[in-house]
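Coordinates in review
Each chain, written out:
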Amino acid sequence: MLVTGPWSFRNPATPTADADPPPCPVGETLPIIDSPHISQAEAASVRYSSEPPTSGPHFAFSLTPGVYDDPVPDGLTVNALELGHVAVLYAADTPDRVIDEMSRFAHANASSVMLAPHPAVHSGIVLTAWGCLQRLPAYDAAAAETFVARLAGRYVHGWTRS
C-alpha cells in the first residue's frame with residue numbers, strides 16, 4: 001500500500017528512546033528505539049528492532065483504528081501505536097472466517113484497534129502495542145481482549161500507566 005497525499009511533514013526534534021520502559025503486563029517487553037518522524041522516502045531504509053515493529057521511526061501522520069484488507073506501512077502502524085492504539089496483525093493465509101471474527105473484535109474496539117495483514121507475520125497473529133508484542137499461534141479472542149484491555153492507551157506520546 002503506497003501512502004499518497006500532499007503531506008510534507010517533518011518533525012525537527014528527534015525523540016530519544018525510553019531507556020527504561022515499564023514492563024508489559026502481557027506479552028513480551030521490547031526495547032523502545034528512537035522514534036523520529038520520517039518521510040515516505042526515508043521509510044525504505046528503516047530497520048526496526050522487531051518485526052512487526054513496536055516502536056521506531058514513523059510517519060508524522062496516522063490512520064484511524066479500523067479494519068484494513070491490505071498491509072499497512074510500518075510507518076503508519078508505529079504512529080498508531082505511539083498514539084495508544086493496538087495493532088492486530090495476521091498472516092496472509094489466515095482463513096476468512098478467522099478474519100471475520102477478528103474484524104468483529106476490531107469493530108467492538110473501534111477506538112483502539114487496527115486490524116490488518118502483515119508480511120512479517122508468517123503464521124498465527126501478532127498483537128502489538130508501544131514496546132509490547134504477543135505472538136499467538138492462532139486467533140484467541142480472550143488473549144486479544146486482555147491485550148487490548150491492558151495496553152490500549154497505556155502509551156500516548158508518553159507512559160500514561162504502567
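Check the entry above for the structure.
In short, a report on the structure. All values derive from a computational prediction rather than experimental measurement. (Residues numbered from 1 in each chain as written. Predicted model: local features only at pLDDT ≥ 70, side-chain atom pairs only at ≥ 80, totals over all residues. Heavy atoms only, no water.)

1. So, the overall build of the chain
Stated formally: By the criteria applied, helices consist of DSSP H or I runs no shorter than four residues and strands consist of E runs no shorter than two, each listed in order from the N terminus. Only protein chains enter the accessibility calculation, which uses a 1.4 Å probe. A residue is then buried if its area is under 20% of the maximum for its type, exposed if over 50%, and partly exposed in between. By definition, residues are in contact when any of their heavy atoms lie within 4.5 Å. In these tables, accessible area is a Shrake-Rupley quantity obtained with a 1.4 Å probe, and a residue counts as shielded only by the protein chains included in the view.
Within the chain, the secondary structure is distributed over 4 helices and 6 strands. When the elements of the chain are put in sequence order from the N terminus, they spell out β-α-β-α-β-α-β-β-β-α. For the chain, the residues scored as buried account for 50% of the 162 residues in total. For the chain, contacts bridging at least 24 residues in sequence account for 61% of all contacts bridging at least 6. Summed over all atoms, the accessible surface of the chain reaches about 7,900 Å², with 54% contributed by carbon and sulfur.

2. Remarks on the sheet that holds strand 2 (residues 66–67)
Strand pairing in a sheet is mediated by backbone hydrogen bonds. Such pairs are either parallel or antiparallel. Rule in force here: Any two strands with at least two DSSP-identified bridges between them are counted as paired. Lines are fitted to the C-alpha atoms to define the axes, a helix being fitted only along its stretch in contact, and any angle between axes, read from their N-to-C directions, falls within 0 to 180 degrees.
The strand order across the open sheet formed by 6 strands is 1-6-5-3-4-2, and the pairing between neighbours is mixed. Here the strands that pair on one side only, and so sit at the sheet edges, are strand 1 (28–29) and strand 2. Two elements, strand 5 (residues 125–129) and strand 6 (residues 132–136), share 5 bridges in a ladder whose sense is antiparallel. Looking across to strand 6, one finds that Ile-125 is bridged to Leu-136. Helix 3 (residues 96–108) rests against strand 2, strand 3 (86–90), strand 4 (113–117) and strand 5 of the sheet, and its axis sits at about 160° to strand 4.

Functional significance is not addressed by these values, which are geometric in nature.
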